[in-house]
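# Commentary on secondary and tertiary structure
Spelled out from the first residue to the last, the chains are:
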Amino acid sequence: MVKFIIPLAVLVANLFQSAFADGVAPEMKPFKLPEIATVTIKENGARSPAARQADQGCGGFLLSKRDITDFWRRAGEVSEHDYHHMLDWSPCYASGTLRLKNGMTGIWGIHQYRGGSIKFSDGKTIYLHCPSCKSRPFQPQ
């Protein structure tokens, strides 16, 4: 009887683990930003007022323009729902503006846990995730 129960328990545990593993990562669509004319950094190493730990500093999360454009090049687009409900949230962020060569402008934000968004001048907002972004600012402090 014991010989039967142990393999059954292992099988059930594996089924639950694989079911949860399938839902952990958000669905990502390819993302390609049109050619960029300018990128401006307005806030860098900023800390959200919603942060609960008063002692958590964000001074180490400083993005260069190269980090930002690399993020946009590597990131995939995720749904707004997945962005808000599946990705980890970080109080550390950078934000600014961009202007594309086609004349479109936008306000961008990127947080330390590799999520970001761009709200374009036409009112459309895209949500991004970059699990392959591994540069120093994206590493835990």
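Nothing here was measured: the structure is a model prediction, and the numbers come from that model. (Residues numbered from 1 in each chain as written. Predicted model: local features only at pLDDT ≥ 70, side-chain atom pairs only at ≥ 80, totals over all residues. Heavy atoms only, no water.)

## Considerations on the pairing of strand 5 (residues 115-120)
Note the following rule: When DSSP finds at least two bridges between two strands, those strands are taken to pair. Going along the chain from the N terminus, every DSSP run of H or I of four or more residues is numbered as a helix, and every run of E of two or more is numbered as a strand.
Pairing of strand 4 (residues 105-111) with strand 5, which is carried by 6 bridges, proceeds in the antiparallel orientation. Bridge pairing in strand 5 links Ile107 to Lys119. Here strand 4 hands over to strand 5 after 3 residues, with Arg114 in that stretch at a positive phi of 75 degrees. As paired elements, strand 5 and strand 6 (residues 125-129) share 5 bridges and run antiparallel to each other. Paired with Lys119 across the bridge in strand 6 is Thr125. Linkage of strand 5 to strand 6, two consecutive antiparallel strands, is achieved through a turn of 4 residues, within which Gly123 is found at a positive phi near 95 degrees.

## With respect to the layout of surface pockets
Just so we agree on the cut-off: Buried and open spaces are told apart on a 1 Å grid over the protein atoms alone, a cavity being a set of points where a 1.4 Å probe fits but cannot get out and a pocket being an open set with protein on both sides within 12 Å along at least five of seven lines. Residues with an atom within 4 Å of a point are the lining residues. Grid points are joined across faces, edges and corners, and a volume is the space filled by probe spheres set on the points. All amino acids are sorted into three groups, where Ala, Val, Leu, Ile, Met, Phe, Trp, Tyr, Cys and Pro are nonpolar, Asp, Glu, Lys and Arg are charged, and the leftover types, Gly among them, are polar.
Approximately 290 Å³ is the volume attributed to the largest pocket. Sorting the residues of the lining of the largest pocket by element identifies helix 3 (80-85), strand 3 (92-100), strand 4 and strand 5 as the ones contributing at least two each. Partitioned by chemical class, the residues of the lining of the largest pocket number 6 nonpolar, 9 polar and 1 charged.

## Remarks on the packing of aromatic side chains
The criterion, for reference: In summary, the pairing rule links any two rings of Phe, Tyr or Trp, Trp by its six-membered ring, whose centres are within 6.5 Å, and it sorts them by plane angle into stacked for under 30 degrees, edge-to-face for over 60 and tilted for everything else. Burial classes follow relative accessibility: with a 1.4 Å probe on protein chains only, a residue under 20% of its type's maximum area counts as buried, one over 50% as exposed, and anything between as partly exposed.
According to the stated counting rule, one finds 4 aromatic pairs in the structure shown. Geometrically, the ring pair formed by Phe71 and Phe138 is stacked, given 6.1 Å between the ring centres and 20 degrees between the ring planes. On the criterion of sequence distance, the pair formed by Phe71 in helix 2 (residues 65-74) and Phe138 in the segment after strand 6 is long-range, its members being 67 residues apart. Its relative accessible area of 0% is what places Phe71 among the buried residues. Using a relative accessible area of 2% as the deciding quantity, one classes Phe138 as buried. A ring pair is formed by Trp72 and Trp108, whose centres lie 6.0 Å apart and whose planes are at 85 degrees; its orientation type is edge-to-face. Of the two residues, Trp72 sits in helix 2 while Trp108 sits in strand 4, which places them 36 residues apart along the sequence. According to the relative accessible area criterion, Trp72 is buried, its value standing at 3%. Three or more aromatic residues joined by ring pairs make a cluster, and in this case those are Phe61, Phe71 and Phe138.

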